[in-house]
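What the coordinates show
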Amino acid sequence: MQETYLEVNIDKIRNNIIKIKNLNHRSKFCAVVKANAYGLGSDIVGREIEDLVDYFAVARLSEGILLRRAGIKKPILILGYVGLDDISKCFENDIDISVYDLGLAKEIDKLGYKLKAHLVLDTGHGRIGFRADQIENIRQLKTLSNIKIISAFSHFSTADEEDNSFTEKQEEIFDYIIEQIKNDFDLEFVHLANSAGTIRQKIFKDMYRIGICLYGLYPSEVVRDNTEIKLEKTFKLYSFVHFIKNIDKGTPISYGRTFVSSKPMKVATVAIGYADGYCRAFSNMGKVYINGYGCKVLGRVCMDQMMVDVTGLDVKIGDRVEIYKEIDKDANLIGTISYELMTNISMRVKRIYIKEGMVIARRDYLGEIYES
């Protein structure tokens, strides 16, 4: 069956982990597999790398439960909010929570579940966490009887940029808060650095959290150009040509007639659209590759299909089309980042997992829903 699919290379993910770990073997390695491992499939990826990592981080409780159902035993941290009605599931599945608000922490504590928690500190990212002027609020967490604070962490906002000054300021604030509370809590470890903070800034602390670099991409060009780590892109997105036609000058293509041919052309229709995660913003801008040739998107990207220019090329129905061959360039083209393009890849796109040259797993999310 020739349908759009995502090919995930497990060996390359493992190799990326090993390269990053070689920077510092003393600190723990936390694999960030939120958003379904950035679209690649967190349960299968998690299983295949568990032996190399010390922790997993997710953004939602459901993501953590998926890892447990996949058989993963290593510690799991939820980086964000968990509703009071779901706290029992954290206890049942041995999943760590994040504590970043005194009132919410007190409400969680009243539920009576013995939980491990990581203290979230806002050092300048501005998302969630206790700030440096809230030391007394942090200390009040000592009174909680059911929440054990085992760690503290923060998150960098500009570690992937040329100017390091704000990153240095964030680390300074983080160290200050830890110094103020170190006698109040028996912290087992602290963690601060994301991918950029780890491979460019070399900020390790007791644990570092690696997300985008697991999957072979750099957080920015600045990071790519200022690290000795040579990452390997770990995935390829493919679709197929399912129609070819020759058109005359003056022929409109797709919705809104935003493209009208200025000359006779050969046009291929490709079986991918924005419902698969290929953004509509690529209309009249994107480029995909067929038989090694770059082919420009013509007209608006449709929900399930798009048209590309194959004039002068030997292309036939059934030929494979590579999407996001240069994903960072593709992202820049429409004013976004590779993270968004990856996580946009939808559930109806099948996943195929390669290890040691063999297909070790397949994932058809919509098929699984249908079968259940």
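Quick caveat: nothing in here was measured; it's all calculated off a predicted structure.

This next bit is on the domain arrangement of the protein. Taken as a whole, the protein is organised into domain 1 (10-215) and domain 2 (235-336). Relative placement of domain 1 and domain 2: their C-alpha centres are 40 Å apart.

This brings us to the UniProt feature "active site" (unreviewed entry) in the protein. What UniProt calls "active site" (unreviewed entry) maps, in this numbering, to Lys34 and Tyr255. Of the residues just listed, which span 222 residues, the most distant C-alpha pair is 35.1 Å apart, and they do not cluster in one region. Of the annotated set, the members that line the largest pocket are Lys34. Topologically, Lys34 is positioned in helix H2 (residues 34-38). Setting aside its immediate chain neighbours within four residues, Lys34 contacts Ala57, Val58, Ala59 and Glu63. Mapped onto the elements of the fold, Tyr255 is located in the loop between strand E11 (252-253) and strand E12 (259-260). A residue is classified by how much of its surface remains accessible, and Tyr255, at 57% relative accessible area, is exposed. Apart from the residues within four sequence positions on either side, Tyr255 is in contact with Arg300 and Cys302.

Once that is clear, we can look at the layout of surface pockets. Considered as a void within the structure, the largest pocket measures approximately 700 Å³ in volume. If you trace the largest pocket, you find 31 residues lining it, with Lys34, His125, Arg127, His155 and Asn194 closest to the centre. Of all the secondary-structure elements, those providing two or more residues to the lining of the largest pocket are H2 and helix H9 (195-199). Split by residue class, the lining of the largest pocket holds 15 nonpolar, 10 polar and six charged.

Next up on the list: the side chain of Lys266. Within the element layout of this structure, Lys266 appears in strand E13 (residues 265-270). As a buried residue without a salt bridge, Lys266 has its nearest oppositely charged side chain in Asp314, at a separation of 5.5 Å. Polar side-chain contacts of Lys266 include one of 2.9 Å to the backbone oxygen of Leu313. Residue contacts for Lys266: discarding those within four places in its chain leaves Ile244, Lys245, Asn246, Val308, Asp309, Val310, Thr311, Leu313 and Val315.

Turning to empty space enclosed by the protein, a few remarks are in order. Across all of its chains, the model carries two cavities of 30 Å³ or more by this definition. A volume near 50 Å³ is recorded for the largest cavity. As for the largest cavity, its lining consists of Gly80, Tyr81, Val82, Ile87, Ile97, Ser98, Tyr100, Leu104 and Ile108. A class-by-class count of the residues in the lining of the largest cavity yields seven nonpolar, two polar and no charged. Each pocket or cavity is described by its volume, and for the second largest cavity that value is around 30 Å³. Ser98, Val99, Tyr100, Asp101, Leu104, Ala105 and Ile108 together form the lining of the second largest cavity. Here the element with the most residues in the lining of the second largest cavity is helix H6 (residues 102-110); it accounts for three residues.

Across the chain, the bulk of peptide bonds are trans and the bulk of non-glycine residues have phi less than zero. Positive phi, normally seen in glycine, also occurs at Asn36, with a value near 60 degrees. Structurally, Asn36 can be placed in helix H2. Its identity is not glycine, yet Tyr324 carries a phi of approximately 60 degrees, on the positive side. Here Tyr324 is to be found in the loop between strand E17 (320-323) and helix H11 (327-333). Note on Tyr324: relative accessible area 1%, which makes it buried.

Another aspect to go through is the packing of aromatic side chains. Taken as a whole and judged by the stated rule, the model has 11 aromatic pairs. When the centroid spacing of 5.0 Å and the interplanar angle of 40 degrees are considered together, the rings of Tyr38 and Tyr215 count as tilted. One end of the pair, Tyr38, is in helix H2; the other, Tyr215, is in the loop between strand E9 (207-210) and helix H10 (221-225), and 177 residues separate them in sequence. Taking the relative accessible area as the measure of exposure, Tyr38 reaches 8% and is therefore buried.

Within strand E1 (residues 5-9), four of the five residues are buried, which leaves the element mostly enclosed by the surrounding structure. Two strands pair when backbone bridges link them, and E1 and strand E18 (residues 350-355) are joined in this way by five bridges, in the parallel orientation. From the neighbouring strand, Tyr5 faces E18, where its bridge partner is Lys350. One ladder, built from four bridges, connects E1 with strand E10 (residues 235-247); its direction is antiparallel. In the sheet register, Leu6 faces E10, and the bridge partner there is Leu237.

Note on placement: Asp133 falls in the loop between strand E6 (115-120) and helix H7 (135-139). Exposure remark for Asp133: the relative accessible area of 65% places this residue in the exposed category.

UniProt's entry tags Arg127 and Met303 with the feature "binding site: substrate" (unreviewed entry), counted in the numbering of this structure. A stretch of 177 residues holds the annotated residues, and the largest C-alpha distance among them is 33.4 Å, long enough that they do not meet in one place. The subset of the named residues that lines the largest pocket consists of Arg127. Structurally, Arg127 can be placed in the loop between E6 and H7. A relative accessible area of 55% means that Arg127 is categorised as exposed. Excluding anything up to four places from it in sequence, Arg127 contacts Asp122 and His155. Mapped onto the secondary structure, Met303 falls in the loop between strand E15 (293-298) and strand E16 (306-309). Accessibility expressed as a relative area gives 43% for Met303, which makes it partly exposed. Once residues lying within four places of it in the same chain are set aside, the contact partners of Met303 are Gly273, Tyr274, Ala275, Asp276 and Arg348.

The rules behind the values
- Residues numbered from 1 in each chain as written.
- Predicted model: local features only at pLDDT ≥ 70, side-chain atom pairs only at ≥ 80, totals over all residues.
- Heavy atoms only, no water.
- Domains from an automatic or database assignment.
- UniProt positions renumbered as here; feature names shortened; annotations may be inferred.
- 1 Å grid on protein atoms, 1.4 Å probe; cavity = no way out; pocket = protein on both sides within 12 Å on 5 of 7 lines; lining within 4 Å.
- Helix = DSSP H or I, 4+ residues; strand = E, 2+ residues; numbered from the N terminus.
- Contact = heavy atoms within 4.5 Å.
- Buried < 20%, exposed > 50% of the residue type's maximum accessible area, 1.4 Å probe, protein only.
- Points joined across faces, edges and corners; volume = space filled by probe spheres on them.
- Nonpolar A, V, L, I, M, F, W, Y, C, P; charged D, E, K, R; others polar.
- Lys, Arg positive; Asp, Glu negative; His and termini not counted.
- Salt bridge = Lys/Arg side-chain N within 4 Å of Asp/Glu carboxyl O.
- Polar contact = N/O pair within 3.5 Å; in protein donor to acceptor, adjacent residues only side chain to side chain.
- Phe/Tyr/Trp six-rings, centres within 6.5 Å; stacked < 30°, edge-to-face > 60°.
- Pairing = 2+ DSSP bridges.

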